[in-house]
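Coordinates in review
What follows is the residue order along each chain.
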Amino acid sequence: TFEAYYEIVSNPDRQAELNWGFGRKSGSGTKIGIQRRTDELRQFREADEASGHAIYITDAEGTIEYVNPAFEGITGYSYDEVVGEKPSLLQSGAYDGDLYEELWETILDGRQWHREMIDESNEGERIVLEQTISPVVTEGGTVEKFVAVAQDVTERKRYEERLETQRDDLE
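Residues numbered from 1 in each chain as written. Predicted model: local features only at pLDDT ≥ 70, side-chain atom pairs only at ≥ 80, totals over all residues. Heavy atoms only, no water.

Assigned secondary structure in the protein consists of seven helices and five strands. Order of helices (α) and strands (β) in the protein, N terminus to C terminus: α-α-α-β-β-α-α-α-β-β-β-α. Within the protein, the fraction of its 171 residues that count as buried is 30%. Long-range contacts, defined as pairs at least 24 residues apart, comprise 38% of the intrachain contacts of the protein with a sequence gap of at least 6. (Helix = DSSP H or I, 4+ residues; strand = E, 2+ residues; numbered from the N terminus. Buried < 20%, exposed > 50% of the residue type's maximum accessible area, 1.4 Å probe, protein only. Contact = heavy atoms within 4.5 Å.)

Okay, structure coming up:
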């Protein structure tokens, strides 16, 4: 209830904890400010769960902390199967270590990385994911987490391959 929130806000010893928990000061510390922040978090959660793109969040070492329902649908891995694991469980073997070294150098440097990747689903099927991996950086510039958003483009890539084959056959 909001009475519990109000009690925390009115207690000076708990104000810093509340502000940290919300990531920024919520309004003027009123019930309205808390309600607005709660609504924003609910909206974000609903958008994340409704997204057709796979979204996953890792800690700074690359251990998966969260995946959305689209991740589960696209990869065939359940939330419980991947939380605590590394995204490398999706690796298909299509790339050498240089690509992954470039990826880590980019995101650890605080920059966004974007590329189509051939990965592998839980069932062993190759999938093509157009991925963007972004670092979440603290105010002090420390990389704290990574968030990845991936779109399944497998069918599009198969269609493109068929078109190329047909074009080659015509030539």
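Within the secondary structure layout, threonine 154 lies in helix H7 (residues 154-170). Judged by relative accessible area, threonine 154 falls into the buried class, the value being 6%. When neighbours within four sequence positions are excluded, threonine 154 is seen to be in contact with Arg126, Ile127 and Val128.

On to the packing of aromatic side chains, then. Scanning the model with the defined rule gives four aromatic pairs in all. Residues tyrosine 66 and tyrosine 79 carry aromatic rings whose centres are separated by 6.2 Å and whose planes lie at 70 degrees to one another, so their mutual orientation is edge-to-face. Separated by 13 residues along the polypeptide, tyrosine 66 in strand S2 (residues 64-67) and tyrosine 79 in helix H5 (residues 79-82) bring together distant segments of the chain. Exposure remark for tyrosine 66: the relative accessible area of 15% places this residue in the buried category. Residue tyrosine 79 is classed as partly exposed on the basis of its relative accessible area, which comes to 32%. Judged by centre distance (6.5 Å) and plane angle (80 degrees), the rings of tyrosine 95 and tyrosine 100 are edge-to-face. Given the relative accessible area of 17%, tyrosine 100 is considered buried. (Phe/Tyr/Trp six-rings, centres within 6.5 Å; stacked < 30°, edge-to-face > 60°.)

Taken together, the eight bridges between strand S3 (residues 113-120) and strand S4 (residues 126-137) define a ladder with antiparallel strand orientation. Across the sheet, the residue bridging to methionine 117 is leucine 129, located in S4. The hairpin formed by S3 and S4 contains five residues between the paired strands, and glycine 124 there has a positive phi angle of roughly 90 degrees. (Pairing = 2+ DSSP bridges.)

A separate point is the environment of valine 143. Along the chain, valine 143 turns up in strand S5 (residues 143-152). Taking the C-alpha atoms as reference, valine 143 lies 8.2 Å from aspartate 109; in sequence the two are 34 residues apart. Not counting residues up to four positions away in its chain, the partners in contact with valine 143 are Ala60, Ile107, Leu108, Gly110, Pro135, Val136 and Val137.

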